[in-house]
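# Summary of structural features
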2 protein chains.
Amino acid sequence: MEIINLRRSVRSFKDIPVEDEKIEKLLRAAMQAPSANNQQPWYFLVIKNKAKLKELDVVSRVVPNAQVAILLLNRKENLLSPGRVSSDMAAATQNILLEATYLELGSCWIGLYNDGEDKFGKVANCRKICNIPDEYDLYSMVAIGYPEDEDANKFINRYDPTRVFYGKI
Amino acid sequence: MEIINLRRSVRSFKDIPVEDEKIEKLLRAAMQAPSANNQQPWYFLVIKNKAKLKELDVVSRVVPNAQVAILLLNRKENLLSPGRVSSDMAAATQNILLEATYLELGSCWIGLYNDGEDKFGKVANCRKICNIPDEYDLYSMVAIGYPEDEDANKFINRYDPTRVFYGKI
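Residues numbered from 1 in each chain as written. Chains lettered and ligands numbered in written order. Predicted model: local features only at pLDDT ≥ 70, side-chain atom pairs only at ≥ 80, totals over all residues.

### Focus on the nonpolar core
Worth spelling out the cut-off: Note on definitions: a nonpolar core is a set of buried residues drawn from Ala, Val, Leu, Ile, Met, Phe, Trp, Tyr and Cys, linked by C-beta atoms within 7 Å. Each residue is classified by how many other C-beta atoms fall within 10 Å of its C-beta atom, where C-beta atoms are placed from the backbone; a count of 20 or more means buried, 12 or fewer means exposed, and values in between mean partly exposed. Think of it this way: build a C-beta for each residue from its backbone, and any pair within 7 Å is a contact.
By size, the foremost hydrophobic cluster in this structure holds 112 residues, and its most contacted members are A:Ala69, A:Ile70, B:Ala69 and B:Ile70. In contact with A:Ile70, not counting residues within four places along its chain, are A:Leu26, A:Phe44, A:Val46, A:Ile96, A:Met141, A:Val142 and A:Ile144.

### Structural notes on the relation of the copies chain A and chain B
Threshold: Least-squares fitting of one copy onto the other uses the C-alpha atoms of those residues that reach a pLDDT of at least 70 in both copies.
Superposing chain A onto chain B requires a rotation of 180° together with a translation of 0.0 Å along the rotation axis, leaving an RMSD of 0.0 Å. Viewed as a symmetry operation, the transformation between the two copies matches a two-fold axis. Interface overlap between copies is the fraction of interface residues in one copy that are interface residues in the other; for chain A against chain B it reaches 100%, indicating a shared surface.

### A word on helix H4 (residues 85–102) of chain A
Residue and element names in this part refer to chain A. To keep it simple, the criterion reads: To qualify as a helix, a DSSP run of H or I must reach at least 4 residues; to qualify as a strand, a run of E must reach at least 2; elements of each kind are numbered from the N terminus. Given the number of residues in a helix, its expected span is that number minus one, multiplied by 1.5 Å.
The end-to-end C-alpha separation of H4 is 26 Å, in line with the 26 Å expected for 18 residues at 1.5 Å each. Of all 18 residues making up H4, 18 are buried, and the element is well covered by its neighbours. Among the residues trailing H4, Glu-104 stands out with phi positive, at a value near 65°.

### A word on the environment of A:Leu97
Along the chain, the position of A:Leu97 falls in helix H4. Residue A:Leu97 is classed as buried on the basis of its 29 C-beta neighbours within 10 Å. Taking the C-alpha atoms as reference, A:Leu97 lies 11 Å from A:Leu6; in sequence the two are 91 residues apart. A:Leu97 has contacts with A:Arg7, A:Ser107, A:Trp109, A:Val142 and B:Pro34, leaving out every residue within four places of it along the chain.

See below:
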């Protein structure tokens, strides 16, 4: 599928706002992701405030360049399959990236999934800056905007047939 | 994007083989997923043998109905971002589901991500049945085939505006 092929991590964006209609389409795409037992653990914080985006430099140097950032959160309680939340959240994140590509936007996935480390304190900093209540975990942030380089979303073939086994390893 | 909207978990399949060209397209889509530091942790085992698919009933009752199953594995060593492997693997899995929808196939994501529990021994059983060497972790299995119900991939709106916060929670 062309959109899957074209998607790239985009880190430089034009100084042009992203339309609210497009932001809503990104959120709609996210919520169409599959989730274990259809538990839909996701919540979304949309950040457009320039000062806030600049402050989020501590999370990733990409964010201050973006026009909008979407912070993906999941609730910690009332989950049918707690062990599958990270998969659900990743599927929602990937849907945002693909929808962004479809809408001629550039996007970059910034991982905030806390595997118990948070070596550089990014997750803690992001929680503080965005004022996230304790009942949510931070999963990822997607930085979004119109790509500075209009050719940013382009196909680079990553197919490696040595990664595939047929029948047995 | 229409394909994102149409994708559904499909659990009943026609007794028609899936073309090898389509299987390769699914694998190509998987490998176009983003990964942390572009570490590409993925490996794929393609299972078409009917007896093996039947045996994988212990993993999920969906698998014996499928024409092909793709087992997604990740290496445990030589990872730049070990804490992000689960995100990478989920993005690859989601790409397979979307590509399958695009190719008019049905698909179902079966979670094998071992969050330290493996309550029902599914991961251990799958490893044994598929003879997976220790150097790989099992992440997910995707069951694939032509949907029995030709209307299986259809849009059900999951958008919930109460999940979205603008500016602050």
